[in-house]
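Next come the chains, spelled out residue by residue.
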Amino acid sequence: MTVSDPVEDIVATISRSATEIRQGLVGRRGKADEENPSGETQAEADVWADDLLAERLSSIDGVSQYASEERAEIIDCDDDGLSVAVDPLDGSSNLKSNNTMGTVFGIYDEPLPAPGTALVAAGYVLYGPITTMVYARDETVTKYELTGGERTVVEHDVTLPDDPITYGFGGRVPDWPDDFEAYVREVESNPQHKLRYGGAMIGDVNQVLTYGGIFAYPALEDSPNGKLRLQFEGNPIGYVIEAAGGRSSNGEYSILEVEATDLHQRVPVHVGNTSLIDRLEAALA
Ligand code: FBP
């Protein structure tokens, strides 16, 4: 008898759906007539990918909740089990210019909203020239290529390279707090470092995972929690980068330790090599 593993069922479902989501972007580059719970205009593709993942993930045995950045309320499924939080299309404003986007997921063993310490697995799909998946579980990060519903390992035990190369920081520069801006100038002044910013967190974080470095969407003057959402973006990405040997921070401590009070709460996100995140925390202290 095979024992079912709901975590693996969830990841397999997302990886099978990714090829379909990618193909379904064609013809869905327009705006939907709706806003998401954070007040942002949704793309047709956001709504469509969310409906597709909601239907498939909520029907898996052992999934008790499905939540997404694109819907206000949690879908309650089984009485107990895992909670899945998804950003169906991270960076969907890149659809118009045909640039990189992703799908982010976090699998928690507590009801949502939950802290990152309740994650049992997390990962993302990157719709680049090739569709890839990066998935962390049990402190181990694995990278796959996804083709036609198949998931093929391309790298076991992915870790951040020791010498950081890339940096990318979101938000408008005039909106950055002075201490953050001073830190950015310090990072830029290192001749080893290169700017890589594409406007989709997943693309930028994947550069950091590949080359080493730092990605941040920081606190802004008029938005002290930044832009990115804790359940759907901050926690899953923090979990992946920490499992790959790096650090995540809200500016003071690990994102995974941030108290979860609201499903759609925002959090300042800084992830990357330990040396750069330690220095960032010192600069913001
Ligand atoms: P969405 O989830 O609404 O797409 O927003 C997230 C995001 O697109 C991130 O992927 C990216 O890092 C950030 O917003 C870019 O925001 P901005 O356009 O303000 O730089």
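Quick caveat: nothing in here was measured; it's all calculated off a predicted structure.

A. Region of the structure containing the overall build of the chain. Within the chain, the secondary structure is distributed over six helices and 15 strands. Dimensions along the principal axes, computed over C-alpha positions, put the chain at roughly 55 × 45 × 35 Å. Buried residues in the chain amount to 54% of all 285 residues. Long-range pairs, those at least 24 residues apart, make up 61% of the contacts in the chain with a sequence separation of at least 6. Separation of charge centres in the chain, based on 20 positive and 50 negative side chains, amounts to 9 Å.

B. Here's a closer look at the UniProt feature "binding site: substrate" (unreviewed entry) in the chain. Under the present numbering, the feature "binding site: substrate" (unreviewed entry) in UniProt falls on Asp90, Gly91, Ser92, Ser93, Tyr197 and Lys227. Within the element layout of this structure, Ser92 appears in the loop between strand E5 (82-90) and strand E6 (101-108). Overall, the relative accessible area of 15% leaves Ser92 in the buried class. Among the structural elements, Ser93 can be located in the loop between E5 and E6. You can call Ser93 exposed: its relative accessible area is 58%.

C. Region of interest: the packing of helix H1 (residues 6-24) against helix H2 (residues 44-58). It is the contact of H1 with H2, at a shortest axis distance of 10 Å, that shows an interaxial angle of 155°. One element, H1, and the other, H2, form an angle in the roughly antiparallel class. H1 and H2 meet at a crossing whose hand is right-handed. Of the residues in H2, those touching H1 at Ile10, Thr13, Ile14, Ser17, Glu20, Ile21 and Gly24 are Trp48, Ala49, Leu52, Leu53, Arg56 and Leu57.

D. Fine view of the site of the ligand. For the ligand, the set of nearby residues contains 16 residues, the closest of which are Glu69, Asp90, Tyr197, Met201 and Lys227. In the model, an oxygen atom of the ligand is placed 2.8 Å from a nitrogen or oxygen of the Glu69 side chain. Coverage of the ligand by the protein amounts to 81% of the 470 Å² it exposes when considered alone. Of all the elements in the fold, those that place two or more residues in the shell around the ligand are E5 and strand E13 (213-217).

E. Here's a closer look at the packing of helix H4 (residues 201-211) against helix H5 (residues 230-243). Close contact between H4 and H5 brings their axes to 11 Å; oriented N to C, the two are set at 15°. When the axis of H4 is compared with that of H5, the two are roughly parallel. Crossing of H4 against H5: the hand is right-handed. From H4, Met201, Ile202, Val205 and Leu209 reach across to H5, where they touch Glu233, Ile237 and Ile241. Taken together, the residues of the contact of H4 with H5 sort by class into six nonpolar, no polar and one charged.

F. The arrangement of the pattern of salt bridges in detail. Under the definition given, this model contains 13 salt bridges. A salt bridge links Asp51 to Arg71, with the shortest nitrogen-to-oxygen separation between them at 3.3 Å. Separated by 20 residues along the polypeptide, Asp51 in helix H2 and Arg71 in the loop between strand E3 (63-68) and strand E4 (75-76) bring together distant segments of the chain. Asp51 gets classed as partly exposed once you look at its relative accessible area, which sits at 43%. Here the salt bridges do not stand alone but share partners, grouping Asp50, Asp51 and Arg71 into one network.

G. Geometry of the nonpolar core. Membership of the largest hydrophobic core comes to 53 residues, with the highest contact counts inside it found for Val141, Phe169, Met201, Leu209, Phe215 and Ile237. Per-element tally for this core: the top contributor is H5, with seven residues. Residues in contact with Phe169, not counting those within four places in the same chain, are Trp176, Phe180, Tyr183, Val184, Val187, Tyr197, Ile214 and Ala216. Of all hydrophobic cores here, the second largest spans 32 residues; its members include Ile14, Ala45, Val63 and Ala121.

Conventions and cut-offs
- Residues numbered from 1 in each chain as written.
- Predicted model: local features only at pLDDT ≥ 70, side-chain atom pairs only at ≥ 80, totals over all residues.
- Heavy atoms only, no water.
- Helix = DSSP H or I, 4+ residues; strand = E, 2+ residues; numbered from the N terminus.
- Buried < 20%, exposed > 50% of the residue type's maximum accessible area, 1.4 Å probe, protein only.
- Contact = heavy atoms within 4.5 Å.
- Lys, Arg positive; Asp, Glu negative; His and termini not counted.
- Charge placed at Lys NZ, Arg CZ, Asp CG, Glu CD.
- UniProt positions renumbered as here; feature names shortened; annotations may be inferred.
- Axes fitted to C-alpha atoms, helices over the stretch in contact; angles between N-to-C directions.
- Parallel < 35°, antiparallel > 145°, perpendicular 65-115°, else oblique.
- Left-handed = near helix turned anticlockwise from the far one by under 90°.
- Near = heavy atom within 4 Å.
- Polar contact = N/O pair within 3.5 Å; in protein donor to acceptor, adjacent residues only side chain to side chain.
- Areas by Shrake-Rupley, 256 points an atom, 1.4 Å probe, with all protein chains shown as cover.
- Nonpolar A, V, L, I, M, F, W, Y, C, P; charged D, E, K, R; others polar.
- Salt bridge = Lys/Arg side-chain N within 4 Å of Asp/Glu carboxyl O.
- Core = buried A, V, L, I, M, F, W, Y, C linked by side-chain atoms within 4.5 Å.

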